[in-house]
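# Structural features, examined
The residues making up each chain are set out below.
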Amino acid sequence: MGEVISEGDDVLIYLSGDKRWLITVKADKRIHTHAGYIECSSILGKRYGDAVKTNLGRTFWLLKPTIEDYVLKCERKTQVVYPKDMGLIVAKTGLASGSIVVEAGTGSGALTMFLANIVKPNGHVYSIEVKEEFLDVARRNLKRSRLLDYVTLSLGDASQGFGVSEADAAILDVGDPWRFVEAAWRALKGSGKIVSISPTMNQVEKTCEAMFRVGFADVECVEVLVRGLQVKTGATRPATRMVGHTAYITFARKVLGGEKTLKEGVAESMDVVSDEEG
Ligand SMILES: C[S@@+](CC[C@H](N)C(=O)[O-])C[C@H]1O[C@@H](n2cnc3c(N)ncnc32)[C@H](O)[C@@H]1O
């Protein structure tokens, strides 16, 4: 019949479209919205999927928050990675429960939350951020989404190293990712995945060059475009507005072997930074 909502549980109270609030249920709390208020006490004992009415008689649905809800509702002090990009990162890296991930920089921790949710309960995310104020924001977001146990947050310059070896994936979301490629190589196990997230093409070029030079193969760069549909009987069509650009995402896999092998490999593959055609 579904999970019963208790004191301290998180609930997404949903009216329509972007009219949605992520709340933690506390018996003595009142949630104010433009459509009236809801007494939290009236939510207790209901199930996820049930409805609740405001004092003005408007119906809200009580939904169980997903990781996307936590990401979209998180406190933001930096640019954050969008869920559309996060999805592809997980598909391409093959991350799963038990995986070990290193990340530079943590920023607001939006991507960290998503990664922790994938690798929990036996995996771990080691995330390094150079600015303490952002680490505090990330810590709050991870606590709010109940994922802090699966993450180690550190203050420092990740280009100097991650302090981890044999990681399954290294994620770079910094302005100058090419400076972090060597540290990522050292942190990864053979064939481990590196992912770099950058808004501009010149960052991509420099990062791909560094990847080939340091020891990565199967380098691929993509952009994810998501267009919503307006669904209306007899008039369904693409939405007028969409997010035009967030980031280019570069993926590659760590390769081993001596300098000579690497040089030969680079010569063969340098001009094959491609899309999904092949
Ligand atoms: C775009 S934000 C990351 C956003 C994050 N991925 C998210 O989804 O919330 C980039 C972050 O990298 C951090 N950064 C820049 N240089 C760094 C370095 N050398 N070591 C660690 N973090 C660094 C910045 O302070 C900033 O917080």
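Residues numbered from 1 in each chain as written. Predicted model: local features only at pLDDT ≥ 70, side-chain atom pairs only at ≥ 80, totals over all residues.

## With respect to the overall build of the protein chain
A tally of regular secondary structure across the protein chain gives seven helices and 15 strands. Overall size of the protein chain, expressed as C-alpha extent along the three principal axes, is 75 × 45 × 35 Å. Counting the 278 residues in the protein chain, one finds 36% classified as buried. Within the protein chain, contacts between residues separated by at least 24 positions form 63% of all contacts whose residues are at least 6 apart in sequence. (Helix = DSSP H or I, 4+ residues; strand = E, 2+ residues; numbered from the N terminus. Buried ≥ 20, exposed ≤ 12 C-beta atoms within 10 Å, placed from the backbone. Contact = placed C-beta atoms within 7 Å.)

## Quick notes on the sheet that holds strand S12 (residues 216-223)
Spatially, seven strands are ordered S9-S8-S7-S10-S11-S15-S12 in an open sheet, and the strand pairing comes out mixed. Of all the strands in the sheet, the pair left with one neighbour each is strand S9 (151-155) and S12. Averaged over all adjacent pairs, the angle separating strand axes in this sheet is 15°, with direction ignored. One ladder, built from five bridges, connects strand S7 (residues 100-104) with strand S8 (residues 124-129); its direction is parallel. In the sheet register, Ala104 faces S8, and the bridge partner there is Ile128. Where helix H3 (residues 110-119) meets the sheet, it contacts S7, S8, S9 and strand S10 (167-172), and its direction lies at approximately 165° from that of S8. (Pairing = 2+ DSSP bridges. Axes fitted to C-alpha atoms, helices over the stretch in contact; angles between N-to-C directions.)

## Brief notes about the site of the ligand
Gly105, Gly107, Ser108, Ala110 and Asp173 are the nearest of the 21 residues found near the ligand. Contributions of two or more residues to the shell around the ligand are made by H3 and S8. Split into classes, the residues belonging to the shell around the ligand amount to 10 nonpolar, seven polar and four charged. (Near = placed C-beta within 6 Å. Nonpolar A, V, L, I, M, F, W, Y, C, P; charged D, E, K, R; others polar.)

## Considering the domain arrangement of the protein chain
What the domain assignment reports for the protein chain is domain 1 (10-65) and domain 2 (69-269). For domain 1 versus domain 2, the distance between C-alpha centres works out to 34 Å. (Domains from an automatic or database assignment.)

## Re the nonpolar core
Considering soluble globular proteins, one finds that nonpolar side chains tend to be buried as a cluster. In terms of nonpolar packing, the biggest core is built from 61 residues, with Val101, Ala170, Ala184 and Met211 touching the most fellow members. Among the elements that take part in this core, H3 stands out by supplying eight residues, more than any other. Residues within four places of Val101 in sequence aside, it is in contact with Leu95, Leu115, Val119, Val125, Ala167, Asp168, Ala169 and Ile171. One finds Ile5, Val11, Ile13 and Cys40 within the second-largest nonpolar core, a separate group that totals nine residues. (Core = buried A, V, L, I, M, F, W, Y, C linked by C-beta atoms within 7 Å.)

## A few points about helix H6 (residues 201-214)
With 14 residues, H6 extends 20 Å between its outermost C-alpha atoms, agreeing within 8% with the 20 Å of an ideal straight helix rising 1.5 Å per residue. All of the buried residues along H6 are Gln203, Val204, Thr207, Cys208, Ala210, Met211, Phe212 and Val214. The inward-facing, buried residues of H6 contact helix H5 (181-187), strand S11 (188-198), S12, strand S15 (248-254) and helix H7 (259-269). Gly215 occupies a position one or two residues after H6 and carries a positive phi of about 130°. (Expected span 1.5 Å × (residues − 1).)

## Details of the pairing of strand S2 (residues 19-24)
As defined by bridge partners, strand S1 (residues 10-16) adjoins S2 across six bridges and the pair is classed as antiparallel. Its bridge partner being in S2, Asp10 is matched across the sheet by Thr24.

## Some remarks on the environment of Arg139
Structurally, Arg139 is set in helix H4 (residues 132-144). For the pair Arg139 and Ala235, spaced 96 residues apart in the sequence, the C-alpha separation amounts to 45 Å. If we ignore the near neighbours within four places in the chain, the residues touching Arg139 are Leu148 and Leu153.

## As for the sheet that holds S2
In spatial order, the strands read S2-S1-S6-S5; together these four strands make up an open sheet with antiparallel pairing. On the outer flanks of this sheet lie S2 and strand S5 (51-53), each paired with one strand and no other. Direction aside, the axes of adjacent strands within the sheet are offset by 30° on average. The pairing of S5 with strand S6 (residues 59-63) spans three bridges and is classified as antiparallel. Bridge assignment links Ala51 to a residue of S6, and that residue is Trp61.

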